[in-house]
Amino acid sequence: MTTTPEPLRIAYSPCPNDTFVFDAWAHGRIPSAPALDVTFADIDITNGLAERGEFDVLKVSYAVLPYVLDEYALLPCGGALGRGCGPLVLTREPGDGGASPLEPASLAGRTVAVPSERSTAYLLFRLWAADSVPGGVGEIVVLPFHEIMPAVRDGKVDAGLVIHEARFTYRDYGLHKLADLGEYWEDTTGLPIPLGAIIAKRSLGADTLELLAESARASVRAAWDDPEASRPYVMEHAQEMDPAVADQHIGLYVNEFTAELGVDGYAAIRGLLTRAAAEGLVPPLGPDALVFP
């Protein structure tokens, strides 16, 4: 008697880039791909799941890799890297009585909301702040990313570190871009920005890991070949996002690095984590930590 394998437990965000990438696979349109049991979770949640060794496959921040690569392998595809797509540091617009800090140095001692203390965005923020904010910022408050801009607008925090579609919508909240951390990273390294990674448990075995990578690539290509097929799934989970903003989001975060990390992708990952380790922000990577499978 043949038994059907249990679906692999996977967690990724409801953001348009993830639902676009995984739509074909999650809905059984990739022949020979393992079945998936999907959980949607914000990046701060998935980072924590990875650190606790929960779930078979996860979308996580590249910044969490040094803490999880003993148990998980980095897949060479399916994630989010790119150029011109980095996190932003936002403050309230000028004209609010001078409460909004408009120069990086004036963030010293201020309260900043961030989406996760294990996120790539926060790692980039810490590297940028070390160069740009003498004395350092003040309290760091972790909020779900969709709550950060309202918190800045309403004066609950002095500044916010935002990701995803906030690049396209922050002006709607009357906010001011203090810094583009993508520009900071690209100007100082020439490399793309490593944002979100797909990882899978090493205990699944090399053959299954290879199959997962092949399935992710096939799902990405299927989404590119027929973008309209994924639209219902994308918009169902896009948190009332305007379809045009969802399309911008996908166009920015789903690119050649999603299909294959390649030489530049791996250089960006190792460059970020090596620099962060040198600053004492993360543990150092082992020499074979990024080797797949």
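All values derive from a computational prediction rather than experimental measurement.

### Structural notes on the overall build of the protein
Then comes step 1: Within the protein, the regular secondary structure consists of twelve helices and eleven strands.
Then comes step 2: Along the three orthogonal principal directions, the C-alpha set of the protein runs to about 75 × 40 × 30 Å.
Then comes step 3: Taken across its 293 residues, the protein has 55% of its residues classed as buried.
Then comes step 4: Taking the intrachain contacts of the protein between residues at least 6 apart in sequence as the baseline, contacts between residues at least 24 apart amount to 79%.
Then comes step 5: Accessible area of the protein: about 12,300 Å², with a carbon and sulfur share of 50%.
Then comes step 6: Put simply, the protein has 21 plus and 41 minus side-chain charges, and the middle of one group is 3 Å from the middle of the other.

### A look at the environment of phenylalanine 125
Then comes step 1: Looking at the secondary structure, you find phenylalanine 125 in helix 4 (residues 120-132).
Then comes step 2: Given the relative accessible area of 2%, phenylalanine 125 is considered buried.
Then comes step 3: Residues within four places of phenylalanine 125 in sequence aside, it is in contact with Val89, Val112, Val137, Ile140, Leu161 and Leu181.

### Quick look at the pairing of strand 1 (residues 8-12)
Along any regular strand the residues' side chains alternate between the sheet's two faces.
Then comes step 1: Counting buried positions over the five residues of strand 1 gives four, a clear majority of the element.
Then comes step 2: Here strand 1 pairs with strand 2 (residues 36-40) via five bridges, running parallel. Across the sheet, isoleucine 10 pairs through a bridge with valine 38, a residue of strand 2.
Then comes step 3: Strand direction decides the pairing type here: strand 1 and strand 3 (residues 57-61), joined by two bridges, are parallel. Across the sheet, residue isoleucine 10 finds its bridge partner in strand 3, namely valine 57.

### Let's talk about the layout of surface pockets
Then comes step 1: Taken as a whole, the largest pocket holds about 270 Å³ of empty space.
Then comes step 2: Every residue lining the largest pocket is counted, 15 residues in all, and those nearest its centre are Met149, Glu165, Thr169, Tyr173 and Gln239.
Then comes step 3: When contributions to the lining of the largest pocket are tallied by element, the ones reaching two or more residues are helix 5 (145-153) and helix 6 (166-169).
Then comes step 4: Sorting elements by how many residues they give to the lining of the largest pocket places helix 5 first, with four residues.
Then comes step 5: The class makeup of the residues in the lining of the largest pocket is nine nonpolar, three polar and three charged.

### Concerning the pattern of salt bridges
Once the charged atoms of two side chains with opposite charge are near each other, the side chains can pair.
Then comes step 1: With the rule as written, the count across this model stands at twelve salt bridges.
Then comes step 2: With a closest N to O distance of 3.7 Å, aspartate 158 and arginine 110 form a salt bridge. Taken together, the residues span a long stretch of sequence, with aspartate 158 in the loop between helix 5 and strand 9 (159-162) and arginine 110 in the loop between strand 6 (88-92) and strand 7 (112-114) at a distance of 48 residues.
Then comes step 3: Relative accessible area serves as the criterion here: at 19%, aspartate 158 is assigned to the buried category.
Then comes step 4: The closest approach of N and O atoms between arginine 217 and glutamate 260, which form a salt bridge, is 2.7 Å.

### Some details on the pairing of strand 9
Then comes step 1: Burial along strand 9 is two-sided: the face carrying Ala159 and Leu161 and the face carrying Gly160 and Val162 are both buried.
Then comes step 2: Examined bridge by bridge, strand 7 and strand 9 share two bridges and lie parallel to one another. Across the sheet, the residue bridging to alanine 113 is glycine 160, located in strand 9.

### Observations regarding empty space enclosed by the protein
Then comes step 1: Under the definition given, this model contains two cavities of 30 Å³ or more.
Then comes step 2: Looking at the largest cavity, its volume works out to about 260 Å³.
Then comes step 3: Lining the largest cavity are 22 residues; nearest its centre among them are Ile43, Ile163, His164, Leu195 and Gly196.
Then comes step 4: Of all elements in the fold, only helix 1 (16-26), strand 3, helix 4 and strand 11 (193-201) reach the threshold of two or more residues within the lining of the largest cavity.
Then comes step 5: No other element matches the three residues that strand 3 contributes to the lining of the largest cavity.
Then comes step 6: Taken together, the residues that form the lining of the largest cavity break down as eleven nonpolar, eight polar and three charged.
Then comes step 7: Space inside the second largest cavity adds up to approximately 40 Å³.
Then comes step 8: Surrounding the second largest cavity, Pro14, Cys15, Pro16, Phe145, Glu165, His237, Ala238, Gln239 and Met241 form its lining.
Then comes step 9: Tallied by class, residues from the lining of the second largest cavity come to six nonpolar, two polar and one charged.

What counts, and at which threshold
Residues numbered from 1 in each chain as written. Predicted model: local features only at pLDDT ≥ 70, side-chain atom pairs only at ≥ 80, totals over all residues. Heavy atoms only, no water. Helix = DSSP H or I, 4+ residues; strand = E, 2+ residues; numbered from the N terminus. Buried < 20%, exposed > 50% of the residue type's maximum accessible area, 1.4 Å probe, protein only. Contact = heavy atoms within 4.5 Å. Areas by Shrake-Rupley, 256 points an atom, 1.4 Å probe, with all protein chains shown as cover. Lys, Arg positive; Asp, Glu negative; His and termini not counted. Charge placed at Lys NZ, Arg CZ, Asp CG, Glu CD. Pairing = 2+ DSSP bridges. 1 Å grid on protein atoms, 1.4 Å probe; cavity = no way out; pocket = protein on both sides within 12 Å on 5 of 7 lines; lining within 4 Å. Points joined across faces, edges and corners; volume = space filled by probe spheres on them. Nonpolar A, V, L, I, M, F, W, Y, C, P; charged D, E, K, R; others polar. Salt bridge = Lys/Arg side-chain N within 4 Å of Asp/Glu carboxyl O.

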